Amino acid sequence: MDAAEQNHLLPKKKKSETEDDKRRKRIVAGSLLKAVVRPGGGDSSPKDADQIIYHCTVRTLDGVVVESTRSECGGRGLPIRDVLGKSKMILGLLEGIPTMHKAEIAMFKMKPEMHYAEKDCPVSAPGNFPKDDVLHFEIELLDFAKAKARSHHQNQDALIASDDLGVIKKILNEGEGWESPREPYEVKAWISAKSGDGQVILAPKEEPYFFTFGKSEVPKGLEIGIGTMARKEKAVIYVRKQYLTESTLMHIAQDLEEVHFEVELVHFIQVRDMLGDGRLIKRRIRDGRGEFPMDCPLQDSRLSVHYRGMLLNEDKTVFYDSRIENGDQPLEFSSGEGLVPEGFEMCTRLMLPGEIALVTCPPDYAYDKFPRPPGVPEGAHVQWEIELLGFETPRDWTGLDFQSIMNEAENIRSTGNRLFKEGKFELAKAKYEKVLREFNHVNPQNDDEGKVFGDARNMLHLNVAACLLKLGEWRKSLETCNKVLEAKPGHAKGLYRRGMAYMAGGEYEDARNDFNMMIKVDKSSEADATAALLKLKQKEQEAESKARKQFKGLFDKKPGEITEVGSERRGETRTIEEVDETKDNDGYDEETQEEENTTTVSTERKRKWSEKAWPILKNVKVQIGIQLCVALLGVYIFQFVSARFT
């Protein structure tokens, strides 16, 4: 039995019942009758999720017109456009229209419960509408087409471009590829427009219309629709009043309820705001080969490019041209290693082979953090014209034996180590993390391979922890070290790295425990542990000194002088907030100190108060930070003042 037959025999999932399904169950025989006035064409009828366009005229049984969309019957001549299963409709039309064919005219005789007198009818009756009468609804089905949300590689006739059905697109001719324009792409398209009753309100021009996506240069609804189109696609975009905004394309009359735009998307230029703030812009000049972004060098790769660098001055001064100054030899570099300016690499990763792009770059992503070429002043905004000739992706590990995989991993780790030594901690971390991701798909076959693999993975985790520590993320560094220590609690290097993370976070007691544990589990690490303990002691002394400076003299005031402390503190150059920035380096050993006799004279209590309070304050500060500690000081001050006056 083949797969198709097996799937056919599988039990089908029961479709959940919709509100419209529940409404249909309440239909009573004889409450809705249909008579065909003019047959339609074809065999197909509209179904749920189809867009339907129809004229509707409502009459009493005596033939008096109650309301109509037709101009000859007093209406505006604008047909109704709904989506079956999504638009709110009276029950009689919800049940009756799916029985019709395109261009058919039918008369539906409805009892009140089939139109606006239905219990909990989702549509409100127009004013003075005879909702309790039996009525005739004459319907002409002008057109219908699919209107589901469009997905890539799916051929559909139409799509709903907005949740409220205010913008619906009907595809006339399929386009090429799947990429669609978005802000701030530059778009070229043929555009014409008619009102809902067929009057031309925007005639075709001799040249395609050019606009920038996201700049309100076309009505909002039209832009929403075009944002779903592919290159060379042709479509009709139905836009209702709420999406008909003013633009340079056309004036919107007040009485326009709906506009039908016929659009052919000629071309669009990919323009990407790389940082989201308009400073680093990549503008595609020539299309490349392949599909975006699947065929771009998104991974770390070996790239080959030609480029020309220009200053953003009036003369567009060229400071480098690889075709001239490099003997027509392209620049070759490995991405992910900081070998070119950051803005340059960010943009080339989003290029297709053969593509030419114009990149406008601010100084902090150009040469302010990178060796500047001759002729490029500090703080210069630059522009690069880049052609991606090609690229080589990293070697695929699939099918490699264990030793080959470990060799590849070591090569990448060595690159990460080099980047770490160069101070490029983010790039180094990315290299280590790349190998760790690849390790998720590696399965050692025996104990020896398992040990080699486990050691390599632990080393990579600790390398990541070292990078995080350099980047000031000591908590994440701590979590990464725990991954190693959970698997191997006595890992000396793991204890050392975690101890350093604790020390960076001011968790001095935890750091001391890890350094002491190093000596117990591995005597050969005693020198490193001893050096770390010495550094820890220095850190504690520095933290204590800072804290003592912070509160110096605070308890030496006479009772009447307590209120002056705040004014003196305001005169100092460092604020509480500034001190709080150093809290990750603050921490203390556990200290004990005997308290003085509480019955001594008040002068002795005043003299010794700071000494008695200090150990308590110090431990509080370690646990909850300096800001809460300052708040607690207020409590102690209050208690001290109260004691002096009681």
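Because the structure is predicted, anything quoted here is derived from the model rather than measured.

This brings us to the overall build of the chain. The helix and strand tally for the chain stands at 17 helices and 20 strands. Each of the 646 residues in the chain was classed as buried or not, and the buried ones make up 43%. Here the analysis covers contacts within the chain between residues at least 6 apart in sequence; of these, 68% occur between residues at least 24 apart. Carbon and sulfur atoms make up 49% of the accessible area of the chain, which amounts to about 35400 Å² in all.

Moving on, we get to the UniProt feature "repeat: TPR" (unreviewed entry) in the chain. Taken from the UniProt record, the annotation "repeat: TPR" (unreviewed entry) applies to residues 492–525. Between the end C-alpha atoms of residues 492–525 the distance is 7 Å, and the span holds 79% helix and 0% strand.

What follows concerns the nonpolar core. Within the largest apolar cluster, 28 residues are counted, with the highest numbers of intra-cluster contacts made by Phe-344, Val-382, Trp-384 and Ile-386. Those elements giving two or more residues to this core turn out to be strand S16 (302–311), helix H6 (342–348), strand S19 (356–361) and strand S20 (382–392).

What follows covers the environment of Cys-467. Within the element layout of this structure, Cys-467 appears in helix H9 (residues 447–470). Residues Cys-467 and Phe-420, 47 residues apart in the sequence, show an inter-C-alpha distance of 7.5 Å.

In this section: H9. Helix length check: H9 (24 residues) gives 35 Å between terminal C-alpha atoms against 34 Å at 1.5 Å per residue, within 8%. Capping the start of H9, Asn-446 holds a side-chain oxygen 3.1 Å from the backbone nitrogen of Asp-448, two or three residues further along.

This next bit is on the packing of helix H11 (residues 492–504) against helix H12 (residues 508–521). Two elements in contact, H11 and H12, have axes separated by 8 Å at closest approach and are oriented at 165°. On the basis of the axis angle, H11 is roughly antiparallel to H12. Classified by chirality, the crossing of H12 by H11 is left-handed. When H11 is examined against H12, the residues Ala-492, Leu-495, Tyr-496, Arg-498, Gly-499, Met-500, Tyr-502 and Met-503 are found in contact with a partner set consisting of Tyr-508, Asp-510, Ala-511, Asp-514, Phe-515, Met-517, Met-518 and Val-521. Within the contact of H11 with H12, the residues separate by chemical class into twelve nonpolar, one polar and three charged.

Here the bond from Glu-183 into Pro-184 is cis, since omega is 0°, no more than 30 degrees from zero. You can see Pro-184 is positioned in the loop between strand S8 (167–173) and strand S9 (186–195). In this structure, the amide linkage connecting Phe-292 to the following residue, Pro-293, adopts the cis form with an omega of -5°. Note that Pro-293 resides in the loop between strand S15 (281–286) and S16. We note that Asp-120 has phi near 55°; this positive angle belongs to a residue other than glycine. With respect to the helices and strands, the residue Asp-120 is situated in the loop between strand S5 (105–110) and strand S6 (135–146). Judged by its relative accessible area of 67%, Asp-120 is exposed. Of note in this structure, Ser-216 is not a glycine but carries a positive phi near 60°. Tracing the backbone shows Ser-216 in the loop between strand S11 (209–212) and helix H4 (220–226). Since its relative accessible area comes to 52%, Ser-216 is described here as exposed.

Before going further, it helps to spend a moment on the packing of helix H7 (residues 402–421) against H9. The N-to-C vectors of H7 and H9 enclose an angle of 20°; their axes lie 12 Å apart at closest approach. Accordingly, the angle class assigned to the pair H7 and H9 is roughly parallel. Of the two possible hands of crossing, H7 and H9 adopt the one that is left-handed. Side by side, H7 and H9 meet where Phe-402, Met-406, Arg-413, Asn-417 and Phe-420 of the first sit next to Glu-449, Val-452, Phe-453, Ala-456, Met-459, Leu-460, Asn-463, Ala-466, Cys-467 and Lys-470 of the second. Taken together, the residues that form the contact of H7 with H9 break down as ten nonpolar, two polar and three charged.

Relative to the elements of secondary structure, Gln-383 occurs in strand S20. Residue class for Gln-383 comes out buried when judged on its relative accessible area of 9%. Here the side chain of Gln-383 touches Thr-360 through a polar contact of 3.2 Å, side chain to side chain. In this structure, Gln-383 is in contact with Arg-308, Gly-309, Met-310, Leu-312, Lys-316, Leu-358, Val-359 and Thr-360, ignoring residues within four places of it in sequence.

Taking 1.5 Å as the rise per residue, helix H10 (residues 474–487) with 14 residues should run 20 Å; its terminal C-alpha atoms sit 20 Å apart, in good agreement. Residues of H10 that are buried include every one of Trp-474, Ser-477, Leu-478, Thr-480, Cys-481, Val-484 and Leu-485, and no others. Along its buried surface, H10 packs onto H9 and H11.

Most of strand S2 (residues 50–60) is tucked away: eleven of the eleven residues are buried. Here S2 shows no split at all, with Asp-50, Ile-52, Tyr-54, Cys-56, Val-58 and Thr-60 on one side and Gln-51, Ile-53, His-55, Thr-57 and Arg-59 on the other all buried. Bridging between S2 and S6 involves eleven bridges; their strand directions are antiparallel. From the neighbouring strand, His-55 faces S6, where its bridge partner is Glu-140. For S2 and strand S4 (residues 80–83), the ladder comprises four bridges, and the chain directions are antiparallel. Pairing of Ile-52 across the sheet is with Asp-82, part of S4. Bridging between S2 and strand S3 (residues 65–68) involves three bridges; their strand directions are antiparallel. Bridge assignment links Thr-57 to a residue of S3, and that residue is Ser-68. As consecutive antiparallel partners, S2 and S3 are separated by four residues, and within that stretch Gly-63 has a phi angle of approximately 90°, a positive value.

Thresholds applied
Residues numbered from 1 in each chain as written. Predicted model: local features only at pLDDT ≥ 70, side-chain atom pairs only at ≥ 80, totals over all residues. Heavy atoms only, no water. Helix = DSSP H or I, 4+ residues; strand = E, 2+ residues; numbered from the N terminus. Buried < 20%, exposed > 50% of the residue type's maximum accessible area, 1.4 Å probe, protein only. Contact = heavy atoms within 4.5 Å. Areas by Shrake-Rupley, 256 points an atom, 1.4 Å probe, with all protein chains shown as cover. UniProt positions renumbered as here; feature names shortened; annotations may be inferred. Core = buried A, V, L, I, M, F, W, Y, C linked by side-chain atoms within 4.5 Å. Expected span 1.5 Å × (residues − 1). Polar contact = N/O pair within 3.5 Å; in protein donor to acceptor, adjacent residues only side chain to side chain. Axes fitted to C-alpha atoms, helices over the stretch in contact; angles between N-to-C directions. Parallel < 35°, antiparallel > 145°, perpendicular 65-115°, else oblique. Left-handed = near helix turned anticlockwise from the far one by under 90°. Nonpolar A, V, L, I, M, F, W, Y, C, P; charged D, E, K, R; others polar. Pairing = 2+ DSSP bridges.

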